[in-house]
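One-letter residues, chain by chain:
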Amino acid sequence: MSSPINTMLIESRVFNPPKEFAAQARISGMAQYSALCEEAARDPDAFWRKMAESELVWRKPFTKVLDESDAPFYTWFEDGELNVSENCLDVHLNNGNADKIAIIFESDDGSVQTVTYGELHARVCRIANGIRALGYGMGDRAILYMPMSVEAIATMQACARLGLVHSVVFGGFSARSLHQRIVDVGARLVLTADAQMRGGRRIPLKEAVDEALGYEGGDVVRNVVVYQRAGGEVQWVEGRDVWLHDLEQNQPEQCEPVSVPAEHPLFVLYTSGSTGKPKGVQHSSAGYLLWTKLTTQWTFDATPEDVFWCTADVGWVTGHSYIVYGALAAGLTQVVFEGVPTYPHAGRYWEMIQRHKVTIFYTAPTAIRSLIKASEQEPMHHPGRYDLSSLRLLGSVGEPINPEAWMWYYENVGASRCPVVDTWWQTETGGHILTPLPGATPLKPGSCTLPLPGIDAAVVDEAGNELPTGAGGLLVIRRPWPAMIRAVWGDPARYRNSYFPEELRGMYMAGDNAQRDEDGYFWILGRTDDVLSVSGHRLGGTEIESALVAHELVAEAAVVGRPDATTGEAVVAFIMLKQAAPAGDEAETIAEYLRDWVAQQVGPIAKPRDIRFGNSLPKTRSGKIMRRLLRLVAEGRDIDQDTSTLENPDVLKQFSGVY
Ligand code: WTA
């Protein structure tokens with residue numbers, strides 16, 4: 001970052017909530033925050049009961065709150081029944097808000113469409129009736145592979161209305177990744193689009209679905225519903241493929257919500273872990289909905305007057321929790337954007353905030369960093385050139401935000417008057433866990449501050465003992481919370497082993513390292529496993545390694561992250577070919593070839609930035625790849641660390657060429 005700001009100075013600065021903000025906030029001042037925390041800690045059962053009764057509409061009231069008898073397989077509100085879509089849509093119609101705008105959709109090319117709660121409800125009902133007419137119902141799994149669109153949101157809501165379990169696959173994943181998820185979740189229905197439009201480019205989606213269904217086991221899918229977004233030719237399988245507009249046509253605009261048990265899986269979302277196979281994170285209906293609604297209201301201090309904009313894609317958990325479920329349950333008006341932040345110019349986000357009078361803006365550090373760079377190169381698209389006076393709150397999610405980027409965001413986007421909420425959470429946590437409350441928490445740039453009420457987070461050592469101030473250790477959550485992951489789809493053992501290791505005696509292990517400061521604030525230090533964060537996207541190093549070694553030229557591969565000023569981390573692959581390590585043009589060609597291979601196997605987002613070739617990989621005498629050393633090599637740093645445990649110390653020198 002070229003900014004001359006001194007990090008140490010920023011880190012020691014504290015920003016108190018602006019008085020006017022605190023005065024009107026839902027949770028105002030630290031005393032109110034502490035009171036809520038105490039209330040939740042004193043009698044969690046009563047606290048969660050009150051929240052669930054007041055925030056959600058139940059079809060059958062629950063009697064029991066939390067059942068821990070089969071820990072770590074917890075259940076919440078288990079004997080209650082509700083419908084998630086009813087809680088996101090019908091409730092607003094019943095409150096006289098049918099004409100309130102639910103979605104302001106802006107497409108890649110800048111055209112705008114607004115959808116009221118009444119219209120969204122009708123659309124969801126028509127799609128749900130169409131899906132039902134095809135023969136799908138409660139408990140069936142549907143895969144979605146769709147662009148950011150009103151249709152994607154409506155389709156997810158339609159699944160929820162019928163009790164179908166959806167699993168959204170991000171459009172940046174390849175046909176192979178899509179296939180793996182279809183088979184694992186056992187989907188009989190796929191919903192996709194002909195193509196997506198991003199930055200003026202047409203990126204086919206249906207084509208990838210056709211390819212995925214051609215691989216082994218892909219024939220479990222009986223129907224493919226296709227939203228016509230981009231036009232142009234698509235292949236068609238008669239009897240299997242259905243246009244979304246045909247599916248909806250002539251369907252009634254009413255569809256009775258199906259009453260589902262509180263623990264009925266709302267969705268499965270695949271995410272990278274520490275093995276080559278992604279984990280299907282399974283979420284519940286009631287507990288998940290409760291927490292996403294509550295956190296939308298708490299963290300964003302959101303009210304029905306706000307215009308909320310979360311820039312995440314529905315393919316990731318942020319899109320699920322804060323676009324499709326949280327924002328709708330809270331009855332907000334939200335902006336949904338199809339495109340990318342730098343098209344047609346680097347001021348697109350600022351222009352959109354100005355155009356739609358956005359009041360709450362929630363984005364990822366990687367976007368902020370790329371826009372800092374872009375506004376240095378294109379000063380006419382600096383945020384200062386736009387009218388951003390509608391903004392009252394800024395948020396950040398997905399990766400640590402470095403203090404310099406935080407300050408730039410605070411000063412240039414928020415004009416030093418909007419609090420910045422740095423929200424720490426995960427696909428598995430369902431919603432925010434550590435975050436400032438904008439009307440209460442004093443902010444420290446670079447820290448996600450404190451746990452939300454009801455969350456018992458701590459930093460512990462490997463035996464589960466709480467660590468003192470300043471000591472780095474494992475970030476854990478000691479008590480269950482309503483939106484926590486319920487299962488790894490089809491693999492209970494993996495759920496237990498990944499998140500509840502025996503040594504930690506029942507605590508949830510996040511997989512992040514953290515430390516706390518003298519005020520108890522949490523500072524995230526990074527992952528404990530080889531999960532990488534590239535442009536805010538969570539990628540498994542092992543997954544990319546598996547893809548590489550599946551190529552006939554490759555004997556062994558190790559993938560690590562290298563810090564990158566814009567994308568957070570960049571993928572670096574160390575590769576041993578079956579032939580001797582190439583150099584020069586040959587290495588260039590093979591590297592390009594392997595990058596395309598990774599794009600095909602995992603997705604373009606996983607393409608290695610740097611490829612380095614060697615005749616072996618650095619290993620310990622027991623045969624473990626020494627990733628710690630590879631990380632230093634990837635960063636171009638000198639190896640001053642002890643290499644005495646290395647079986648073959650000379651190999652490191654070989655990896656000097658970067659392709
Ligand atoms: C990282 C995204 C620091 C962290 C919602 C976590 C963060 C992983 C933050 C989850 C933050 C997310 N500060 N690190 N505010 N938010 N992370 O599942 O390493 O895509 O474990 O969920 O992102 O990524 P996931």
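Above this text you will find the structure in question.
Caption draft 1: A look at helix H12 (residues 317–329). In terms of burial, H12 is a largely internal element, 13 of the 13 residues being buried. Positive phi shows up at Gly331, right after H12, with a value of about 70 degrees.

Caption draft 2: Looking closely at the sheet that holds strand S18 (residues 360–363). Pairing in this open sheet of seven strands is mixed, and the strands run S5-S4-S17-S16-S18-S19-S20 from one edge to the other. Each having just a single partner strand, strand S5 (112–116) and strand S20 (420–423) make up the two edges of the open sheet. Recorded for the sheet is a direction-independent mean angle of 20 degrees between the axes of neighbouring strands. Both strand S4 (residues 101–106) and S5 contribute to a ladder of five bridges, which runs antiparallel. Residue pairing across strands places Ile103 opposite Val115, the latter belonging to S5.

Caption draft 3: How the structure looks around the packing of aromatic side chains. Throughout the structure, instances matching the rule amount to 39 aromatic pairs. Ring centres of Tyr288 and Tyr325 lie 5.9 Å apart, and the angle between their planes is 80 degrees; this geometry places the pair in the edge-to-face category. Of this pair, Tyr288 sits in helix H11 (residues 286–299) while Tyr325 sits in helix H12; the two residues are 37 residues apart in sequence, bridging distant segments of the chain. Taking the relative accessible area as the measure of exposure, Tyr288 reaches 0% and is therefore buried. Judged by relative accessible area, which is 0%, Tyr325 ranks as buried.

Caption draft 4: Fine view of the nonpolar core. One finds Phe77, Leu120, Ile131, Trp291, Ile575 and Phe613 to be the most contacted residues of the largest nonpolar core, which totals 170 residues. Broken down by element, the residue count for this core peaks at nine residues, all from helix H7 (residues 150–162). Leave out the neighbours within four places in its chain, and Ile575 touches Leu548, Val554, Glu556, Ala557, Leu594, Ile611, Arg612, Phe613, Gly614, Leu617 and Phe655. Counting residues in each nonpolar core, the second largest holds 31 residues, with Val307, Met352, Phe361 and Met407 among its members.

The rules we used
Residues numbered from 1 in each chain as written. Predicted model: local features only at pLDDT ≥ 70, side-chain atom pairs only at ≥ 80, totals over all residues. Heavy atoms only, no water. Buried < 20%, exposed > 50% of the residue type's maximum accessible area, 1.4 Å probe, protein only. Helix = DSSP H or I, 4+ residues; strand = E, 2+ residues; numbered from the N terminus. Pairing = 2+ DSSP bridges. Axes fitted to C-alpha atoms, helices over the stretch in contact; angles between N-to-C directions. Phe/Tyr/Trp six-rings, centres within 6.5 Å; stacked < 30°, edge-to-face > 60°. Core = buried A, V, L, I, M, F, W, Y, C linked by side-chain atoms within 4.5 Å. Contact = heavy atoms within 4.5 Å.

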